[in-house]
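Okay, here's what each chain looks like letter by letter:
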Amino acid sequence: MAGKIQKIKIEKIINWSENPRHAVGNNETDTLQKLFNAVGTQYMLNLAEDIQEHGLLGNQQIVVVYSESIKKYVVYEGNRRVAAIKLLMNPEGFNFLDKATIDKAKRIAKDEDIIDTLECYVTDEDEAFFIMERVHSGEDKGRGTKEWGAREKDTFQVRRNNVKNLSYLIDFYVRKYYDGLDITTILSFTTIQRIFNNREIRKIIGLDIENEDTFTIDRIKLVIEASKWVVKESEEAGVAVTRLFNRARTIEDKLIPWIQRYINEHDAKKPDTTDSPDKERGDFGQGDAVKDSGDVSANGNKRQDKDDYVDNLDSEKTNISKTDDEKRKTGGENKASDRTSNASSGGSKNLPYFFQGIDYSNLNPNDADSHGVSAVCRELQLFSDKKMVTIYPLASAFLVRSIIEQSIKYYSKKHMIQGQNKYIWENIKSIDQLSKIIKNFNRNLSNYIVNGVMRQYFTDLFGDYEKSIDPLNWVVHKPAEYQLDANTLIELPRKGLLALINFMLS
């Protein structure tokens, strides 16, 4: 059927009782109540207020299917918008809401003209389902809408208003100087803004948002190393970054002394950079930053890969103190290891390496529900920083198997089943096998994970359990008979596992 645009009175439109956002409704009122409970009453009020002020977006059509049995149009796509308009038209009719909410709905309406007729796309059920799947299934390998992250939202505001903030500039220049390195594999985008936009921190580093010339390669390297130090401090304190560095004064007291030491050390070691091909000169130790950027030295040997510079500073300091024989020995081993890992990791363009980008900053290590998963995350990050996957594939497989199970359990304890007043954990706490837990998730996925992109990742990763997770189980239960090669393990995070785990721990 070829659909058509048609103007329809709201009174002839009913909400779809089988909306996947909630349990099946018994009638129109019950359906609306379940929708408000699933979405959140305040969110529905926010939507109603936005519609009243700006109208409906022109590019998002309400999709309806005519029902011969009830002689009305059923909303398939646009249930929230239709329900919000109905609330504005007749707040008193929503008797399942409390008086304060009804009064607020009346204030939003303000006795002004309320939309009572909608331009709808009228079609049959097959096409309606197709449209819904496209709209709500996330990116779906390029076929659907891709949700913006913090970086994309920031970039949009910059391009819309032509005003750049600090996190945008740091992200831009990190990528510029270090061949596409993603700074958010160290700290989240919002945390970068909070820490480095501190007035005293900006001042001591020498960054001026109004003058992009101040974003030199040496200052950007300082930002990266400071970010790594912040993460290390948080791990050693057993506290999330967002908690340890949550106030301006705390950020200044902790970070400024470290920055001063860093600047002093690099000033004292300033090398001769007269032969450097880079035109920009920094204020402290730019030669060090250039040296780490992968240029070719005078003897023809390629210097350290760009993605290797993100290795822990402590490792660099340890190497400096070694004897020449030890350096030659370790240097040979590291080069061999780096060749193996780079061949499989694709270099800095495919960062993060293994699970370097795992983000567990929101977890409280003192919380009984999260201290276990925090420990697994910490060790995964250590394996990534040290690039030990190729050396210890058995241990890596154990950690991957563990983080999958622990992150799913953590998520289940923090999220409720859509349309039900109980946590997912109630459905899986008695299940003693990961295979059965994942089977339960696959069976109830639309009610367990609202985010369409993450649902798709879950399906892609765990839809075929025997291929994705069973090999990890074989390593755990029969290490003498079965091992996974490093390449297979290193590829798992890039196939969506890292994004899914970060989502479940957020």
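Let me sum up the structure you'll find in this document. These numbers were taken from a predicted model, which means no experiment stands behind them.

## Some remarks on the overall build of the protein
Phase 1 of the analysis: What the protein contains, in helices and strands, is 24 helices and five strands.
Phase 2 of the analysis: Within the span of the protein, comprising 506 residues, buried residues form 45% of the whole.
Phase 3 of the analysis: Partitioning the intrachain contacts of the protein with sequence separation of at least 6 by distance along the chain shows that 67% fall at a separation of at least 24.
Phase 4 of the analysis: On the protein, roughly 26,400 Å² of surface is accessible, and the fraction owed to carbon and sulfur atoms is 47%.

## Overview of the sheet that holds strand E3 (residues 62–67)
By way of backbone hydrogen bonds, the strands of a sheet pair with one another, either parallel or antiparallel.
Phase 1 of the analysis: The strand order across the open sheet built from five strands is E1-E5-E3-E4-E2, with neighbouring strands paired in mixed fashion. Both edges of this open sheet fall to strand E1 (4–9) and strand E2 (13–15), since each of them pairs with a single strand only. Between one strand axis and the next, the sheet turns by 50° as a mean value, whatever way the strands run.
Phase 2 of the analysis: Pairing of E3 with strand E5 (residues 117–122), which is carried by three bridges, proceeds in the parallel orientation. Looking at E5, one finds that Ile 62 is bridged to Cys 120.

## Observations regarding the pattern of salt bridges
Phase 1 of the analysis: Taken as a whole and assessed by the stated rule, the structure comprises 16 salt bridges.
Phase 2 of the analysis: Ionic pairing is found between Asp 116 and Lys 9, a salt bridge with its closest N-O pair at 3.6 Å. Placement of the pair is Asp 116 in the loop between helix H4 (99–109) and E5 and Lys 9 in strand E1, with a sequence separation of 107 residues.
Phase 3 of the analysis: Judged by relative accessible area, Asp 116 falls into the partly exposed class, the value being 35%.

## Section: unusual backbone geometry
Phase 1 of the analysis: The residue Lys 71 is not glycine, and still its phi comes out positive at about 60°.
Phase 2 of the analysis: Among the secondary structure elements, Lys 71 is positioned in the loop between E3 and strand E4 (72–77).
Phase 3 of the analysis: Lys 71 sits in the exposed class, given a relative accessible area of 51%.

## As for the nonpolar core
Phase 1 of the analysis: Residues Ile 408, Phe 441 and Phe 458 are the most contacted members of the largest nonpolar core, which totals 48 residues.
Phase 2 of the analysis: Looking at this core, the elements with two or more residues in it are helix H16 (371–386), helix H17 (393–414), helix H19 (434–443), helix H20 (445–448), helix H21 (452–462) and helix H24 (486–505).
Phase 3 of the analysis: Top contributing element to this core by residue count: H24, with 10 residues.
Phase 4 of the analysis: Not counting chain neighbours up to four residues away, the residues in contact with Ile 408 comprise Leu 434, Ile 437, Ile 438, Phe 441, Phe 458, Phe 462 and Met 504.
Phase 5 of the analysis: Ile 205, Val 223, Ala 226 and Val 231 belong to the second-largest nonpolar core, a separate cluster that totals 38 residues.

## What about the environment of Glu 379?
Phase 1 of the analysis: If you trace the backbone, Glu 379 turns up in helix H16.
Phase 2 of the analysis: Residues Glu 379 and Leu 399 lie 20 residues apart in sequence; the distance between their C-alpha atoms is 7.8 Å.

## Let's talk about the environment of Met 44
Phase 1 of the analysis: Its location among the elements puts Met 44 in helix H2 (residues 41–54).
Phase 2 of the analysis: Through-space distance from the C-alpha of Met 44 to that of Arg 81 is 8.5 Å; in sequence the pair is 37 residues apart.
Phase 3 of the analysis: Every residue in contact with Met 44, bar those within four places of it in the chain, is listed here: Phe 36, Val 39, Arg 80, Ala 83 and Ala 84.

## So, the packing of aromatic side chains
Phase 1 of the analysis: In the structure shown here, the tally under the stated rule is 19 aromatic pairs.
Phase 2 of the analysis: When the ring of Trp 16 is compared with that of Tyr 76, the centres are 4.7 Å apart and the planes differ by 20°; the resulting orientation is stacked. Pair noted here: Trp 16 is in the loop between E2 and helix H1 (28–39) and Tyr 76 is in strand E4, with a separation of 60 residues, a long-range link.
Phase 3 of the analysis: According to the relative accessible area criterion, Trp 16 is buried, its value standing at 11%.
Phase 4 of the analysis: For Tyr 76, a relative accessible area of 8% translates into the label buried.

## Re H16
Phase 1 of the analysis: Compared with an ideal rise of 1.5 Å per residue, which puts 16 residues at 22 Å, H16 spans 23 Å between its outermost C-alpha atoms and is within 8% of the ideal.
Phase 2 of the analysis: Regarding H16, the residues found buried are Val 373, Ser 374, Val 376, Cys 377, Leu 380, Gln 381, Phe 383 and Ser 384.
Phase 3 of the analysis: Elements in contact with the buried residues of H16: helix H10 (217–237), H17 and H24.
Phase 4 of the analysis: Lys 387 sits one or two positions beyond H16 and adopts a positive phi of about 55°.

What counts, and where the lines are drawn
- Residues numbered from 1 in each chain as written.
- Predicted model: local features only at pLDDT ≥ 70, side-chain atom pairs only at ≥ 80, totals over all residues.
- Heavy atoms only, no water.
- Helix = DSSP H or I, 4+ residues; strand = E, 2+ residues; numbered from the N terminus.
- Buried < 20%, exposed > 50% of the residue type's maximum accessible area, 1.4 Å probe, protein only.
- Contact = heavy atoms within 4.5 Å.
- Areas by Shrake-Rupley, 256 points an atom, 1.4 Å probe, with all protein chains shown as cover.
- Pairing = 2+ DSSP bridges.
- Axes fitted to C-alpha atoms, helices over the stretch in contact; angles between N-to-C directions.
- Salt bridge = Lys/Arg side-chain N within 4 Å of Asp/Glu carboxyl O.
- Core = buried A, V, L, I, M, F, W, Y, C linked by side-chain atoms within 4.5 Å.
- Phe/Tyr/Trp six-rings, centres within 6.5 Å; stacked < 30°, edge-to-face > 60°.
- Expected span 1.5 Å × (residues − 1).

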